Amino acid sequence: RSGLTRLADTRVSAVVPVYRTVVQELLPLVPGLPAGVAVSLGDDQHVQVRYGSFFSNATLRPDILLRPAPVLTLELASQLVAWGLQRAALPPFVRVSGRLVQIWLAELPALTDVAPLWPHVDRLTCTSTPSGLEIRADLHIKATGEPPPARRPAPRQAPGRHAPHG
């Protein structure tokens, strides 16, 4: 957080590619996700989740809701799959409402280190492509309310000693 104070009123835009191989390698690290789940990404925000012979199609919503907390939303193509997920034991950061699956990003254990940045994110989008995901972020570092870093006081002269004249 102290580094953000020095960056107050800075604007940053970034595009971060997340390749599909990285997505596949991260899946086993998601708490509560059964082993063997695979995700395929395609054009037009298409996402397909496979588990054994079962698969489900969904559409990734490009704009990530930011307030009150960052939420990535998928819309399932099947009401039956949505019904099943509503009854399944899901990780606490995944919530299902109707056919919408919401992933609360600030609650993902892997993203706890970026928590100080969430209030500074103005816009966040996620685009699905056959090669992976493209994350676009627009940040505006706002004043953090923290005092500026303390400055070290100038060294004091010992009594009776005078500073050299130049």
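Residues numbered from 1 in each chain as written. Predicted model: local features only at pLDDT ≥ 70, side-chain atom pairs only at ≥ 80, totals over all residues. Heavy atoms only, no water.

Novice: Give me the pairing of strand β3 (residues 46-51): which residues, what numbers.
Specialist: For strand β2 (residues 37-41) and β3, the ladder comprises five bridges, and the chain directions are antiparallel. What sits directly across from S40, in β3, is Q48. The turn linking β2 back onto β3 is made up of four residues, and D44 within it adopts a positive phi angle of 55 degrees. With six bridges connecting them, β3 and strand β4 (residues 54-60) associate as antiparallel partners. Paired with V49 across the two strands is S56, which belongs to β4. Counted between consecutive antiparallel strands, the loop separating β3 from β4 contains two residues, among which G52 sits at a positive phi close to 65 degrees. (Pairing = 2+ DSSP bridges. Helix = DSSP H or I, 4+ residues; strand = E, 2+ residues; numbered from the N terminus.)

Novice: Pulling in residues and values, what's your account of the pattern of salt bridges?
Specialist: For the structure shown, the criterion picks out seven salt bridges. One salt bridge connects R11 with D122, and the closest N-O pair in it is separated by 3.8 Å. Taken as a pair, R11 in strand β1 (residues 11-19) and D122 in strand β8 (residues 121-129) lie far apart in primary sequence, 111 residues in all. Residue D122 is classed as partly exposed on the basis of its relative accessible area, which comes to 38%. As a salt-bridge pair, D63 and R123 come within 3.1 Å of each other at their nearest N and O atoms. You can see D63 sitting in the loop between β4 and β5 (71-76) and its partner R123 sitting in strand β8, a full 60 residues away along the chain. (Salt bridge = Lys/Arg side-chain N within 4 Å of Asp/Glu carboxyl O. Buried < 20%, exposed > 50% of the residue type's maximum accessible area, 1.4 Å probe, protein only.)

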